[in-house]
Amino acid sequence: MAFLIRLIIIALIIYLFYRLLKFIFDPKRKLDAALESGTYYFHDDVGNVRRNFFIAMRGVLFEGEKYLGTTKEAFDVVSIFVWTETPDKLIGFTKEDFHFLEKEIRMNYPDADISWKSPIEQLMKKEGEA
């Protein structure tokens, strides 16, 4: 009987340790922490085209939707649409910030055309007019 209790306690300790490690390394938790602290974090499942990616930058959460298509040699992500649900938090963002985000997205998806939702789209179009 004592052996069984010891076994259950050891199993419980191992389970709690596993759950702690899973919590510490959870990418969603890291994304939430980056949003709260205002730091940069890119969360994406590159192998799964159906899942959107998320970028936290200076307290703003950007979401990107990936679209699969054909390139010259293979099927790949050819189009990406990026937006934020909180455009009122974009105060202080510059074109350089969005160019940085595009550069980071292109690291994973070099063949993709990146489109922005309004009001970011208007800011990026003004660049071509100047």
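What you see is a predicted model; the values in this text were computed from it and never measured.

Chemist: Would you mind going over unusual backbone geometry with me for this structure?
Modeler: It is generally the case that most residues other than glycine have a negative phi and that most peptide bonds are trans. The omega angle of the peptide bond from serine 118 to proline 119 is 5 degrees, so this bond is cis rather than trans. Relative to the helices and strands, proline 119 resides in the loop between strand 5 (113–116) and helix 4 (120–129). Here arginine 58, not a glycine, exhibits a phi torsion of approximately 50 degrees, which is positive. Structurally, arginine 58 is set in the loop between strand 2 (53–57) and strand 3 (60–70). By relative accessible area, arginine 58 is classed as partly exposed at 39%.

Chemist: I'm lost on the nonpolar core in this one. Help?
Modeler: Formed by 20 residues in total, the largest nonpolar core has its most connected members in Phe53, Phe62, Ile80, Val82, Phe98, Ile105 and Trp116. Breaking this core down by element, the ones donating at least two residues are strand 2, strand 3, strand 4 (75–84), helix 3 (95–108), strand 5 and helix 4.

Chemist: It is not clear to me how the side chain of glutamate 102 should be interpreted in this structure. Could you clarify?
Modeler: Counting through the fold element by element, glutamate 102 comes out in helix 3. With sequence-adjacent residues up to four places away left out, glutamate 102 is seen in contact with Ile114, Trp116 and Met124.

What counts and how
Once a new chain begins, its residue numbering starts again from 1 and follows that chain's sequence as written. At least 70 in pLDDT is required for a residue's local features to be given in this predicted model, at least 80 for side-chain atom pairs to be given and counted, and no such filter applies to totals for whole chains, interfaces and linings, which use all residues. Excluded from the side-chain calculations are hydrogens and water; all other atoms, namely the structure's heavy atoms, are used. Helix numbers and strand numbers start at the N terminus; a helix is a DSSP run of H or I with at least 4 residues, a strand a run of E with at least 2. Burial here depends on accessible area, computed with a 1.4 Å probe over protein chains only, as a share of the maximum for the residue type. Under 20% is buried, over 50% is exposed, and the range in between is partly exposed. In this description, a nonpolar core means a group of buried Ala, Val, Leu, Ile, Met, Phe, Trp, Tyr and Cys residues linked to one another through side-chain atoms lying within 4.5 Å. Whether two residues touch is decided by their heavy atoms; if any such pair falls within 4.5 Å, the residues are in contact.

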